[in-house]
Amino acid sequence: MTSGESPVAARARSAVAAHRGERGALLPILHDLQAEFGYVDPAVVPVLAEELNLSRAEVHGVISFYHDFRESPAPGTVVRVCRAEACQANGAEALMAHAERNLGDGVTVQQVFCLGNCALGPAVEVNGKLAGRVDAARLDALVASADPFERKVHTV
Amino acid sequence: MTTQTIVYVPRDAAARSVGADEVAERIAAAGGDGVRVVRTGSRGLLWLEPMVEVATDRGRVAYGPVAAHEVDGLVAAGMLDGADTDHSLGLTEDIPFLRDQRRITFRRVGVVDPLSAADYERHGGIAGLRKALAMTPEQVVEEVTASGLRGRGGAGFPAGIKWKTVLGATADVKFVCCNADEGDSGTFADRMLMEGDPFTLIEGMAIAAHAVGATEGYVYVRSEYPDAIATLRQAIDAAYAHGWLGESVLGSDLSFDLHVRVGAGAYICGEETSMLESLEGKRGEVRSKPPIPALAGLFGRPTVVNNVLTLGSVPMILAEGAAEFSGFGVGRSRGTQVFQLGGNVARGGIVEAPFGITLGELVNGYGGGTRTGRPVRAVQVGGPLGAYLPVDRFDLPMDYEEFAAAGAMVGHGGVVVFDDTVDMAAMARFAMEFCAEESCGKCTPCRVGAVRGRETIDKIRAGIDAEANLELLEDLCELMTDGSLCAMGGLTPMPVRSAVQHFGEDFHRSPVPLPTPTFGPNGSAS
Ligand SMILES: Cc1cc2nc3c(=O)[nH]c(=O)nc-3n(C[C@H](O)[C@H](O)[C@H](O)COP(=O)(O)O)c2cc1C
Ligand code: SF4
């Protein structure tokens, strides 16, 4: 660790070290950071650029291209509602509207296109846990029972 | 020790999404030492999940759907002895939905413990790899070509021809990459194979490596599939331990290392060149072709890119011979396809059947119509870039060429069902919205065309110059079809045009007000 370096930057260096020798390792590194902190701190960009011999613009370009990488933490319980066609056929748009209207403070509602649960829609993910056949009442119950401290972002 | 009753409960993500874990726990608690719970993949009868199977002298007996709070009652009623209860489905193999299928690629899914190498070999696994390693690469390529296997990821390109190109290329290193991005709505077969029988995919990739001279492989799995990722990683470790991967596979000259890489929520990364960019750690922007990936793919080296189901069909072709596989199917669509029934369907799940089965047999026969019980009005086949078809096209056989002739596509075999409450103008709008959202942004017809397309459909739905705007929409579709670099922009017109063609009345309904624009953080309207 370079003296005076922030803990985030130091963590970025150790993530790089963990993937040393892997081809094209930027995505696995970003996944590690996102899984640990729940977002990718913009402060890691210069560190990753230096370590991987890329320009800052390239690293930033990758982070901003992919929906999974957030540049700030998502507050509270994260609810991802599938809005793809198969879930729409079972009322996903109404469920999405319900979520945006009624799930208030402490809940981040996001749309996602397909969770691969297309025969048991509408599908929703609450803090990374997949649920099927979700109506408004079941969504409210899932959110109410979600453990705010056990946020499972993608552990990959 | 008294013999234990074996009870099978799926660990598939779909089954877990409706409570399979809790059911497995309750059964283990209720049965105590007398039962052993084995977590399998799902049989693909998803409307019956969580489905529990009990091993008996007669074979496996099924119960479903079983809720955790019902377990104690079912156990009291004799479920663990295979007795008849109000949840009984009879012998699993006799359930018509399953009995009438022809399971080849999915033969072990729901049957075996996905992480048991012993189970895998006992059920015919690794036989294909053994056969392949006793053959020359040329012979393996010839066998795959003779089987008529075509790419299951969407485009239907003959797998053997692609492999032959890679085999013929010389390079310091060659790659086999499996496309497990499965972004199409209505498709989940890749996921279910990876979760339910991952060794089949691994074996298929090792065979491909031998056939083309590759030493390194990657499975690119979308991040929305955490269970598949975890299962595949464990299976790869087990495969190394059994000498199915790594140096001198099964004692042969083949060395093959396999890695899992995880996507990051971008539909376009299912397009093969975008996937390769992503594997290289870059933005998932589509490359222009040529060069084709078979000659200059991952890091510029010759690369096989195939879908999960394509590679998953290879072990059987080698084990049982090309003729056995090509004996199924119609025309130039050989073998079976793993169809997926989703959306508003009464019996959703996996239907593996030979090509040639009609759309109606799938939707009404296997699927049993809609879940809501209302009439079927439309089905979308082949994902978000596939056509919407009306009920009067239910005679269409599932066949690449027949579908193309009907202005539609088989794609990855997903069939999404809608009842008569669907607004097809809204679905056409969604197709444009999806393209605008997921475009990689490299070419203008797609990036700008999709946004203009969405606005134009908004105007049509609002009753503003409907006829003129329908003409404008058609012009936009033509521009996107002809001018886009890849099939994202190039095929988005397919769902849009098919909606206009088959469900034109939905574009002339009572006006829907124009959506109020919302403004993003940088002031851009979205
Ligand atoms: C926008 C777009 C998305 C695609 N998504 C996938 C996908 O998720 N999985 C897949 O196997 N192929 C997908 N494809 C097709 C791939 O480009 C490619 O044809 C395929 O991976 C080749 O393997 P196959 O011949 O075994 O089908 C997509 C194509 C496009 C244009
Ligand atoms: S058609 Fe769309 S997704 Fe494909 S290259 Fe062009 S902008 Fe990218």
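Residues numbered from 1 in each chain as written. Chains lettered and ligands numbered in written order. Predicted model: local features only at pLDDT ≥ 70, side-chain atom pairs only at ≥ 80, totals over all residues. Heavy atoms only, no water.

Re the overall build of chain B
Phase 1: The secondary structure content of chain B amounts to 21 helices and 16 strands.
Phase 2: For 526 residues, the compact-globule estimate of 2.2 N^0.38 gives 24 Å, and chain B sits close to it at 24 Å.
Phase 3: Each principal axis of the C-alpha distribution contributes one length, and for chain B these read about 80 × 60 × 50 Å.
Phase 4: Here chain B holds 526 residues, and 60% of them are scored as buried.
Phase 5: Put simply, 71% of the contacts in chain B that link residues at least 6 apart link residues at least 24 apart.
Phase 6: Of the accessible surface of chain B, which amounts to about 18700 Å², a share of 51% is contributed by carbon and sulfur atoms.
Phase 7: Charged side chains in chain B number 46 positive and 68 negative. The centres of these two groups are separated by 2 Å. (Helix = DSSP H or I, 4+ residues; strand = E, 2+ residues; numbered from the N terminus. Rg over C-alpha atoms; globule rule 2.2 N^0.38 Å. Buried < 20%, exposed > 50% of the residue type's maximum accessible area, 1.4 Å probe, protein only. Contact = heavy atoms within 4.5 Å. Areas by Shrake-Rupley, 256 points an atom, 1.4 Å probe, with all protein chains shown as cover. Lys, Arg positive; Asp, Glu negative; His and termini not counted. Charge placed at Lys NZ, Arg CZ, Asp CG, Glu CD.)

Section: the domain arrangement of chain B
Residues and elements named next belong to chain B.
Phase 1: Entries for chain B in the domain assignment read domain 1 (5–95), domain 2 (117–326), domain 3 (329–419) and domain 4 (424–508).
Phase 2: Of note, the centres of domain 2 and domain 4, computed from C-alpha atoms alone, are 34 Å apart.
Phase 3: Counting residues at the interface gives 9 residues for domain 2, matched by 7 residues for domain 4.
Phase 4: For domain 2, the biggest contributors to the area lost against domain 4 are Tyr-267, Ile-268 and Val-286; these three give 65% of the whole. (Domains from an automatic or database assignment. Buried area = accessible area lost by both parts, 1.4 Å probe.)

Describing the layout of surface pockets
With a probe scaled to a water molecule rolled over the atoms, the places where space remains empty come into view.
Residue and element names in this part refer to chain B.
Phase 1: The computed volume of the second largest pocket comes to approximately 1100 Å³.
Phase 2: Along its surface, the second largest pocket is lined by 44 residues, and Gly-153, Gly-154, Ala-155, Gly-270 and Glu-272 are the ones closest to its centre.
Phase 3: Of all elements in the fold, only helix 8 (159–168), strand 9 (303–307) and helix 20 (487–491) reach the threshold of two or more residues within the lining of the second largest pocket.
Phase 4: Counting residues per element, the lining of the second largest pocket draws most heavily on strand 9, which supplies 4 residues.
Phase 5: For the lining of the second largest pocket, a count of residues per class yields 17 nonpolar, 17 polar and 10 charged. (1 Å grid on protein atoms, 1.4 Å probe; cavity = no way out; pocket = protein on both sides within 12 Å on 5 of 7 lines; lining within 4 Å. Points joined across faces, edges and corners; volume = space filled by probe spheres on them. Nonpolar A, V, L, I, M, F, W, Y, C, P; charged D, E, K, R; others polar.)

Describing the pairing of strand 13 (residues 349–354) of chain B
Residue and element names in this part refer to chain B.
Phase 1: By the criterion of burial, strand 13 is predominantly enclosed, with 5 of the 6 residues buried.
Phase 2: Judged from the 6 bridges that link them, strand 12 (residues 336–343) and strand 13 form a sheet pairing that is antiparallel. Bridge pairing in strand 13 places Thr-336 opposite Pro-354.
Phase 3: Hairpin connection between strand 12 and strand 13: a loop of 5 residues separates the two successive antiparallel strands. (Pairing = 2+ DSSP bridges.)

Considerations on the site of ligand 1
All names here are of chain B.
Phase 1: Residues in contact with ligand 1 amount to 19 residues; listed here are only the nearest, Gly-153, Asn-179, Asn-306, Asn-307 and Thr-310.
Phase 2: Gly-183 places a main-chain nitrogen or oxygen 3.4 Å from an oxygen atom of ligand 1.
Phase 3: Taking Asn-306, its side chain carries an N or O atom lying 2.8 Å from an oxygen atom of ligand 1.
Phase 4: About the coverage of ligand 1: the protein hides 91% of its 610 Å² of free accessible area.
Phase 5: Taking a 2 Å distance to the grid points as the criterion, the majority of the atoms of ligand 1 fall inside the second largest pocket.
Phase 6: Only strand 9 and helix 20 provide two or more residues apiece to the shell around ligand 1. (Near = heavy atom within 4 Å. Polar contact = N/O pair within 3.5 Å; in protein donor to acceptor, adjacent residues only side chain to side chain. Sits in = over half its atoms within 2 Å of the grid points.)

Considerations on the site of ligand 2
Residue and element names in this part refer to chain B.
Phase 1: With respect to spatial proximity, 13 residues lie near ligand 2, and among them Cys-440, Lys-442, Cys-443, Cys-446 and Cys-486 are the closest.
Phase 2: Cavity membership is defined here by more than half of the atoms lying within 2 Å of grid points; on that basis ligand 2 lies in the largest cavity.
Phase 3: Here the residues of the shell around ligand 2 are counted per class, giving 8 nonpolar, 4 polar and 1 charged.

Thoughts on the interface of chain B and chain A
Phase 1: On the chain A side, the residues contacting the 62 residues of chain B number 42 residues.
Phase 2: A buried area of about 4000 Å², summed over both sides, lies between chain B and chain A, and 54% of it is on carbon and sulfur atoms.
Phase 3: At the boundary of chain B and chain A, one finds 3 salt bridges.
Phase 4: B:Glu216 is the salt-bridge partner of A:Arg23, the closest N and O atoms lying 2.7 Å from each other.
Phase 5: Here chain B is connected to chain A by 28 residue pairs in polar contact (both at pLDDT 80 or more).
Phase 6: Looking at the side of chain B that touches chain A, the element that brings in the most residues is helix 17 (residues 424–438) of chain B, giving 6 residues.
Phase 7: The residue inventory of the side of chain B that touches chain A, partitioned by class, reads 28 nonpolar, 17 polar and 17 charged. (Salt bridge = Lys/Arg side-chain N within 4 Å of Asp/Glu carboxyl O.)

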